[in-house]
Amino acid sequence: MVKSTAENLSPTRVKLDVEVPFEDLKPRLDEAYKTVANQIQVPGFRKGKVPARIIDQRIGRGYVVETAVNEGLNDYYQEALAQTEATPMSRPEVEITTLPGVDGEAEGPLKFTVEVDVRPEVELPDYKGLKVTVEPAAASEEDEQKALDELRSRFGTLKEVDRPAQTDDFVTITLTATVGDEQVDHAEDLSYQVGAGTMLDGLDEALEGLSAGEDAVFETTLAGGEHSGEQATVKVVVNAVKDRELPEADDEFAQLASEFDTIEELKADLKEKAAEGAVTNQGVEARDKVLEELVKLVEVPVPDSVVAEQVEQHFSQQGHTEGDEHDTEEHRAEVEQNAREAFRNEIILDKVADAEEVGVDQGELIEYIVSTSQQYGMDPNQFAQMLDQAGQVPMIMGEVRRRKALAKVLEYAEVTDTEGNEVDLTSFVTPGGAEGEVEEAEAPEAPEETAEAEQSDEKPAEQSDEKSTES
């Protein structure tokens, strides 16, 4: 049986001293001799039947011992983690101190040390009765009108206009990108909404004020393809400028766009939904503030290696190189700060979940996956398969569990609005209430196969069918 002891080097790092008795190593040593015997040929012996003493003479016992150790090292390491109840947060640094028959007795123990960052232990404070103040939940007439206009825009039609392009107009454009003297990309008849910010940095500014037949040139950083991250000169030609005409808000529109017969009924429904949205926004504000108050009560040490790995992963998945326009010192500092905050939140909410004995059932997991897949525009089954193949289902379960833990803290909190009124968040923290909308508001980053969260400044220009975009 493996023997191990742990020495705390810091609140987030331990050193494990591990000793493996020879009798535990011997089965792997015998297997290593068989492996080597099948790999070599010695005159007078059939392949696979070379005795151990001959292998020691020809190859050396040290090679065989190292082979056995390499095969079993991870298992011994896992046993040591289980014995010391350490949860690793980074890759271990292993040093072999004694190899039996090499720098120790022939049948002596294998000894090695491991240094690894571990999950810190924190003491959970009294999280019941946290006090926060939020804005009153009230939907304005502007909110109601905005909801109506958004619905009208879904049924709007695009009409070509003879004037310069402005924000929210739809334009048909041709893009040509060059790096130095080389043309690296060319796309025609792209449909784009001015101000959307979903193609290239600088495109929106270049389009403002251009009429059909006019063009402009701007500098940008390419975000896709083999020239990703390179500075390019882009020429944009406007082929057409189109404005969206909204249908009249009347009974006929209400019947077309909803189950209601009159516009007044539709407006009443939108007003009710706007009020529900205001309650949800109030709940989100309360939840965020409660988490802020909770985090203030706990000191959580954060392993630097974990943060560094998160930062590098963030930039490498985006295809950036250090020093390019996106990978700046300021942006790295922002990503690092976010990683530290996320780590602290995770540690604290996991402790709350343990204290509250929070579990996650299959229905909650499916509901979360369906909600998240919709945000990425993916089929729920396909998204679930992707999570499973990427080994991220446990991560998703942990995320759902932490959300439920935070809802518990919010349930215990004393929430009032700025007018001194007590706020009832029962519908927000109760399953089936507005909490579902909160899940949607804070979806985690998708696996590497899907787009990352920074689509606004990372998404490359994509050619699309104009009719499908305008419909």
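Here the residue index of a chain counts from 1 through its sequence in written order. pLDDT decides what is reported in this predicted model: residues at 70 or higher carry local features, side-chain atom pairs at 80 or more are listed and counted, and totals for whole chains, interfaces and linings draw on all residues regardless. The side-chain numbers reported here are obtained from all heavy atoms of the structure, hydrogens and water having been left aside.

**With respect to the overall build of the chain**
The number of helices and strands found in the chain is 16 helices and 11 strands. Residue exposure (1.4 Å probe, protein chains only): buried if accessible area is under 20% of the type maximum, exposed if over 50%, otherwise partly exposed. The buried share of the chain, reckoned over its 471 residues, is 39%. Note on contacts: a residue pair is in contact if any heavy atoms of the two residues lie within 4.5 Å. Partitioning the contacts of the chain with sequence separation of at least 6, the portion at a separation of at least 24 is 68%. Here a strand is any run of E in DSSP of at least two residues, a helix any run of H or I of at least four, and the numbering for each starts at the N terminus.

**Things to note about the nonpolar core**
We define a nonpolar core as any set of buried Ala, Val, Leu, Ile, Met, Phe, Trp, Tyr and Cys residues linked to one another through side-chain atoms lying within 4.5 Å. By size, the foremost hydrophobic cluster in this structure holds 38 residues, and its most contacted members are L294, L410 and V415. For this core, the secondary-structure elements that each account for two or more residues are β5 (131–134), α7 (263–296), α8 (304–317), α9 (329–355), α12 (393–412) and α13 (426–429). With 8 residues, α9 is the largest single contributor of residues to this core. Excluding residues within four positions of it along the chain, V415 makes contact with V132, V134, A286, L410, N421, E422, V423 and L425. Counting 33 residues, the second largest nonpolar core, distinct from the first, contains V64, A68, A86 and F112.

**With respect to the confidence of the model for the chain**
In predicted models, pLDDT denotes the confidence assigned by the predictor to each residue on a 0 to 100 scale. Averaged over every residue, the pLDDT of the chain is 86; residues scoring 70 or more account for 89%. The model gives residues 431–471 a pLDDT under 50, and that stretch makes 82 contacts with residues more than four places away or in other chains.

**With respect to the environment of E160**
With respect to the element layout, E160 can be found in strand β6 (residues 157–160). In the structure, E160 is positioned 83 residues away from D243 in sequence and 6.4 Å away in space, judged by C-alpha atoms. When residues no more than four places from it in sequence are discounted, the contact partners of E160 are A240, V241 and K242.

**Digging into the packing of α7 against α9**
Lines fitted to C-alpha atoms define the axes here, with helix axes fitted over just the stretch in contact, and angles between the N-to-C directions of these axes take values from 0 to 180 degrees. Running from N to C, α7 and α9 point in directions that differ by 90°, and their axes come no closer than 11 Å. Here α7 lies roughly perpendicular to α9, going by the angle between them. On the side of α7, the interface is formed by L291, L294 and V295, while α9 contributes N345, I348, L349 and V352. Taken together, the residues of the contact of α7 with α9 break down into 6 nonpolar, 1 polar and no charged. Any angle from 65 to 115 degrees is called roughly perpendicular, while one under 35 is roughly parallel, one over 145 is roughly antiparallel, and all others are oblique. Residues were grouped as follows: Ala, Val, Leu, Ile, Met, Phe, Trp, Tyr, Cys and Pro as nonpolar; Asp, Glu, Lys and Arg as charged; and all remaining residues, including Gly, as polar.

**A short note on the packing of α7 against α12**
Where α7 meets α12, the closest approach of the two axes is 10 Å, and the angle between their N-to-C directions is 95°. Of the possible angle classes, the one that applies to α7 and α12 is roughly perpendicular. Across the interface between the two elements, G283, A286, R287, V290, L291 and L294 from α7 touch L406, V409 and L410 from α12. Of the residues that constitute the contact of α7 with α12, the class distribution is 7 nonpolar, 1 polar and 1 charged.

**Topic: the sheet that holds strand β3 (residues 93–98)**
Strand-to-strand pairing in sheets goes through backbone hydrogen bonds, with the strands running parallel or antiparallel. Two strands qualify as a pair provided DSSP detects at least 2 bridges between them. Reading across the sheet, the 4 strands line up as β1-β2-β4-β3 and stay open at both edges, with antiparallel pairing between neighbours. Lying at the two open borders of the sheet, with one neighbouring strand each, are β1 (3–10) and β3. With direction set aside, neighbouring strand axes in the sheet form an average angle of 20°. Judged from the 8 bridges that link them, strand β2 (residues 13–20) and strand β4 (residues 110–117) form a sheet pairing that is antiparallel. Pairing of V20 across the sheet is with L110, part of β4. Taken strand by strand, helix α3 (residues 61–84) contacts β1, β2, β3 and β4, and its axis lies near 60° from that of β4.

**What to know about the pattern of salt bridges**
Any two side chains of opposite charge can pair, given that their charged atoms come close. Here a salt bridge means any side-chain nitrogen of Lys or Arg lying within 4 Å of a carboxyl oxygen belonging to Asp or Glu. Summed over all chains, the structure comprises 24 salt bridges. R332 serves as the salt-bridge partner of E312, at 2.8 Å between the closest nitrogen and oxygen. Taken as a pair, E312 in helix α8 and R332 in helix α9 lie far apart in primary sequence, 20 residues in all. A relative accessible area of 17% places R332 in the buried class. A single network of salt bridges, built from pairs that share partners, joins R119, E346, D350, E399, R402 and R403.

**Things to note about the pairing of strand β7 (residues 170–179)**
Counted residue by residue, β7 has 9 buried out of 10 residues, so it is predominantly covered. Two elements, β7 and strand β8 (residues 182–193), share 9 bridges in a ladder whose sense is antiparallel. Paired with V179 across the strands is E182, a residue of β8. What sits between the antiparallel neighbours β7 and β8 is a turn of 2 residues, in which G180 has the positive phi angle 70°.

**Brief notes about the packing of aromatic side chains**
For this analysis, a ring pair means two rings from Phe, Tyr or Trp (six-membered ring only for Trp) whose centres lie within 6.5 Å, classed as stacked if their planes differ by under 30 degrees, edge-to-face if by over 60, and tilted for the remaining angles. According to the stated counting rule, one finds 3 aromatic pairs in the structure shown. Relative to Y412, the ring of Y127 has its centre 6.3 Å away and its plane inclined at 40°; by these criteria the two rings are tilted. Of the two residues, Y127 is situated in the loop between β4 and β5 and Y412 in helix α12; the sequence distance between them amounts to 285 residues. Residue Y127 is classed as buried on the basis of its relative accessible area of 7%. Relative accessible area serves as the criterion here: at 26%, Y412 is assigned to the partly exposed category. A positively charged side chain is recorded as over a ring if its NZ (Lys) or CZ (Arg) lies within 6 Å of the ring centre. The angle to the ring normal must also be within 35 degrees. Note that R332 overlies the ring of F315, its terminal NZ or CZ placed 4.6 Å from the centroid.

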